[in-house]
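Listed below are the residues making up each chain.
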Amino acid sequence: MEGPLTLAIDVGGSGLKASLLSPKGEMLSDRQRRETPYPCTPPVLLDELAELAATQPTYDRVSVGFPGAIRRGRVREVPAFSRRGPGQDPDPELVEQWTGFELETALEKRFGKPTRVANDADVQGSAAISGQGMELVITLGTGVGCAVFFDGMLLPHMELSHGRFGDGLSIEVACGDNQRHKVGKEHWRKRVMNALDALEAMVLPDHTYIGGGNAKRLDEDKIGPNRTLVPNISGLLGGIALWEHTLGAQESVPTPAKT
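Just so it is clear, the model here is predicted, and its values are computed rather than measured.

## Focus: the nonpolar core
In step 1: Judged by nonpolar contacts, the single largest core of 28 residues is most densely connected at Ile9, Val11, Leu45, Leu49, Phe66 and Phe81.
In step 2: Counting only elements with at least two residues in this core, the list comes to strand E1 (6-11), strand E2 (15-21), helix H1 (42-53), strand E4 (61-66) and helix H3 (103-111).
In step 3: Top contributing element to this core by residue count: H1, with five residues.
In step 4: Counting 22 residues, the second largest nonpolar core, distinct from the first, contains Val192, Leu196, Val203 and Ile210.

Okay, structure coming up:
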């Protein structure tokens, strides 16, 4: 088989998933899943992902989707793992441990393979979009993720779901899994639809894609025009696109002239 084999990992607030992908993005192994442990400190996550990777065949490189803001491989913010349990308030000690953590470097050392890390919505969106116009990707899981693409190009990550709406809760909290259990399915669905309207009013997308583990809880016939539900497996399949975006960005940077 020509080309590198990619170990794709999807880090979620409730589950950690992994599968081996061919150079064309085809799944070459069964998806393996482990429960996300809490409290989830950086060392705990590294150990869990190393054990998850050990369940997969040999790979050449690794792509990781992570539920937080990632910039140049460094954690800027991670709402899910800043809490000692889902739905709890942020814990100052966990916030301190995660903020600024060099996740990509740490994972590359642990796996011993070239590794790329990006926000999970960015990764999932890379597998879902058409590449035409302004496209918005929303992931519904433990929290809410967002990604924006223009003509197939991933725009810098912004935590749009931290915006407040409704009863003063952020979209991240109000449409997260903990609130879904608290307020019930129907009320949660109404919140999600209101949140989609609010996010689209900010981004003005040509099309919106809705993924994540809780997307299946929406009624596809009632989500509205120019909106598409995407399978949660896209969180793994976007691992190939993550490398393509990264390589393209590297190739476009000119080499400084020697002085």
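## Let's talk about the pairing of strand E6 (residues 74-77)
In step 1: Pairing of strand E5 (residues 69-71) with E6, which is carried by three bridges, proceeds in the antiparallel orientation. From the neighbouring strand, arginine 71 faces E6, where its bridge partner is arginine 74.
In step 2: Remark: two residues form the turn of the hairpin made by E5 and E6, two consecutive strands paired antiparallel; arginine 72 in that turn has positive phi of roughly 55°.

## Thoughts on the side chain of arginine 83
In step 1: Tracing the sequence through the fold places arginine 83 in the loop between E6 and helix H2 (92-98).
In step 2: This buried residue, arginine 83, is left without a salt bridge; glutamate 172 holds the nearest opposite charge, at 5.4 Å.
In step 3: A polar contact is formed between the side chain of arginine 83 and the backbone oxygen of proline 79, at a distance of 2.5 Å.
In step 4: Once residues lying within four places of it in the same chain are set aside, the contact partners of arginine 83 are Tyr38, Gln88, Asp89, Pro90, Asp91 and Leu94.

## A closer look at the side chain of glutamate 48
In step 1: Tracing the chain through its elements places glutamate 48 in helix H1.
In step 2: A residue is classified by how much of its surface remains accessible, and glutamate 48, at 17% relative accessible area, is buried.
In step 3: Excluding its chain neighbours within four sequence positions, the residues that come into contact with glutamate 48 are Leu16, Arg34, Glu35 and Pro37.

## Some remarks on the state of the cysteines
In step 1: According to the stated counting rule, one finds zero disulfides in the structure shown.
In step 2: In this structure cysteine 175 is a free cysteine whose sulfur lies 9.9 Å from that of cysteine 146, the closest cysteine sulfur available.
In step 3: Its relative accessible area of 1% is what places cysteine 175 among the buried residues.

## Thoughts on the packing of aromatic side chains
In step 1: Counted by the stated rule, this structure contains six aromatic pairs.
In step 2: Between the aromatic rings of tyrosine 59 and phenylalanine 111, the centroid separation amounts to 6.5 Å while the plane-to-plane angle is 90°, which identifies the pairing as edge-to-face. In this pair, tyrosine 59 is assigned in the loop between H1 and E4 and phenylalanine 111 in helix H3, connecting sequence segments 52 residues apart. For the residue pair tyrosine 59 and phenylalanine 111, the accessibility class agrees, reading buried in each case.
In step 3: Within the aromatic cluster, the residues linked to one another by ring pairs are Tyr38, Phe66, Phe81, Trp98 and Phe101.

## A few points about the sheet that holds E4
In step 1: A sheet is described by the order of its strands in space; here five strands give the open sequence E3-E2-E1-E4-E7, paired in mixed fashion. Each edge of the open sheet is held by one strand with a lone partner, namely strand E3 (32-35) and strand E7 (115-119). For this sheet, the mean inter-axis angle between neighbouring strands, taken without regard to orientation, is 15°.
In step 2: In this structure, E2 lies alongside E3, joined through four bridges in antiparallel fashion. Among the inter-strand pairings, glycine 15 is bridged to a residue of E3, identified as glutamate 35.
In step 3: Contacting E1, E4 and E7, H3 runs over the sheet at an angle of about 145° to E7.

## Quick look at the packing of H1 against H3
In step 1: At a minimum axis separation of 10 Å, H1 and H3 run at an interaxial angle of 45°. One finds that H1 runs oblique with respect to H3. Crossing angle aside, the handedness with which H1 passes H3 is right-handed. On H3, the residues that touch Leu46, Asp47, Leu49, Ala50 and Ala53 of H1 are Leu103, Ala106, Leu107, Arg110 and Phe111.
In step 2: Across the contact of H1 with H3, the residue classes break down as eight nonpolar, no polar and two charged.

Cut-offs used in this document
Residues numbered from 1 in each chain as written. Predicted model: local features only at pLDDT ≥ 70, side-chain atom pairs only at ≥ 80, totals over all residues. Heavy atoms only, no water. Core = buried A, V, L, I, M, F, W, Y, C linked by side-chain atoms within 4.5 Å. Buried < 20%, exposed > 50% of the residue type's maximum accessible area, 1.4 Å probe, protein only. Helix = DSSP H or I, 4+ residues; strand = E, 2+ residues; numbered from the N terminus. Pairing = 2+ DSSP bridges. Lys, Arg positive; Asp, Glu negative; His and termini not counted. Salt bridge = Lys/Arg side-chain N within 4 Å of Asp/Glu carboxyl O. Polar contact = N/O pair within 3.5 Å; in protein donor to acceptor, adjacent residues only side chain to side chain. Contact = heavy atoms within 4.5 Å. Disulfide = S-S within 2.5 Å. Phe/Tyr/Trp six-rings, centres within 6.5 Å; stacked < 30°, edge-to-face > 60°. Axes fitted to C-alpha atoms, helices over the stretch in contact; angles between N-to-C directions. Parallel < 35°, antiparallel > 145°, perpendicular 65-115°, else oblique. Left-handed = near helix turned anticlockwise from the far one by under 90°. Nonpolar A, V, L, I, M, F, W, Y, C, P; charged D, E, K, R; others polar.

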